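Descriptive analysis of the structure
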Amino acid sequence: MKCGKWPPPPRKKRISLAIASSLLSTEPTRELKAVKASLIARAAGIFRVDEIIVYRDKDSRRRDQEELFTILSYLATPPYLRRRLIPLRPELRIAGLLLPLNIPTHDLPPRPRKGLVMYGIVEECEDHNCQVYLGRYGTGLLRAGKRVPQGSLLLVRIVDLNPIVREEARKPRVYTGFRVVRGSSLGNVASSYRAKGYAVIGTSKRGECLNGLVPEKLGRGKGGILVAVGGPKGSVVEDAGGDEYFDAVVNLVPFQGTRTIRSEEAVLIALSLLAPPDEAPETL
């Protein structure tokens, strides 16, 4: 099978990533925090993660959660919509240092084309026809079929070019990025996702070695897979309140050669080993 195609398809099985709010706490400056958050967002984009949950761990404060949530949300928002959607905040004074994701819905061609899937902001609606702001493409007409609230962020597909006409892209055949949400404790997050049919896999240097049992357990997650990464000072078992919240807790780097593995490295390693490959469709 072909293992490379642009734009990439969405995953057949959803992947969610749970990360601790204290993840940025070890960085002494906003500049270093920005770089770390960028590397995590890039890893999520590379492996086509659908959702990042920023949960509260014992070493974090609410301010830590808000800071990480704000930076990741900024990175997840298409660049051409950020000025309209995201107000200026102290955490974003270092926005110029953030690494771009360059996922399909962020990296648009110079000119619009039929079939292009992108995000737009609803400006106004009349008789179920809406004007949608499309960044450098100007505005387009959306055939909504229903009244859409003003200011809504919608995933749309171009169906005509003169003028630009859009339809809502309900099941796009292209990866459209991840959303960022706040979580409470890891135990609550894990319980919620297990109830939705997800396989929940924790990562820890005190976990079991990765072996054939983990792919088997990943396959049981009919709803998707939740990968949990702990903070710099704690562990996912401590954050959750016990190992019963997980289908498996694994050590992804047996006999690691460094005393510690940084959080951004742990995310990249976890996704590379636990995000299962899937076959791309014949056409996009």
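This text gives an overview of the structure that appears in the document. (Residues numbered from 1 in each chain as written. Predicted model: local features only at pLDDT ≥ 70, side-chain atom pairs only at ≥ 80, totals over all residues. Heavy atoms only, no water.)

Overview of the nonpolar core
If you look at the biggest cluster of nonpolar residues, it comprises 44 residues, and the most contacted ones within it are Ile 19, Ile 52 and Phe 178. Put simply, the parts of the chain that give this core at least two residues each are strand S1 (15–20), helix H1 (30–46), strand S2 (51–55), helix H2 (62–76), strand S10 (224–229), strand S11 (248–251) and helix H7 (263–274). Counting residues per element, this core draws most heavily on H2, at seven residues. Apart from the residues lying within four places of it in its own chain, the contact partners of Phe 178 are Ala 41, Ala 44, Gly 45, Val 49, Asp 50, Glu 51, Ile 52, Leu 72, Ala 76 and Leu 101. Core analysis: the next-biggest nonpolar cluster, separate from the first, contains 24 residues, Tyr 80, Tyr 119, Ile 121 and Leu 154 among them. (Core = buried A, V, L, I, M, F, W, Y, C linked by side-chain atoms within 4.5 Å. Buried < 20%, exposed > 50% of the residue type's maximum accessible area, 1.4 Å probe, protein only. Helix = DSSP H or I, 4+ residues; strand = E, 2+ residues; numbered from the N terminus. Contact = heavy atoms within 4.5 Å.)

Considering the layout of surface pockets
Its volume calculated, the largest pocket comes out at about 630 Å³. Around the largest pocket, the lining comprises 27 residues; the ones closest to its centre are Lys 205, Gly 231, Pro 232, Ile 261 and Ala 266. Residue assignment for the lining of the largest pocket shows that the elements contributing at least two residues are strand S9 (198–209), S11 and H7. For the second largest pocket, the calculated volume is near 540 Å³. When the residues that make up the lining of the second largest pocket are grouped by side-chain class, the tally is 15 nonpolar, four polar and three charged. (1 Å grid on protein atoms, 1.4 Å probe; cavity = no way out; pocket = protein on both sides within 12 Å on 5 of 7 lines; lining within 4 Å. Points joined across faces, edges and corners; volume = space filled by probe spheres on them. Nonpolar A, V, L, I, M, F, W, Y, C, P; charged D, E, K, R; others polar.)

Section: the pairing of S11
What you see with S11 is no split at all: Ala 248 and Val 250 on one side and Val 249 and Asn 251 on the other are buried throughout. For S9 and S11, the ladder comprises five bridges, and the chain directions are parallel. By the bridge assignment for S11, Ile 201 is matched with Ala 248. (Pairing = 2+ DSSP bridges.)

Just geometry here; none of it tells us what the structure is for.
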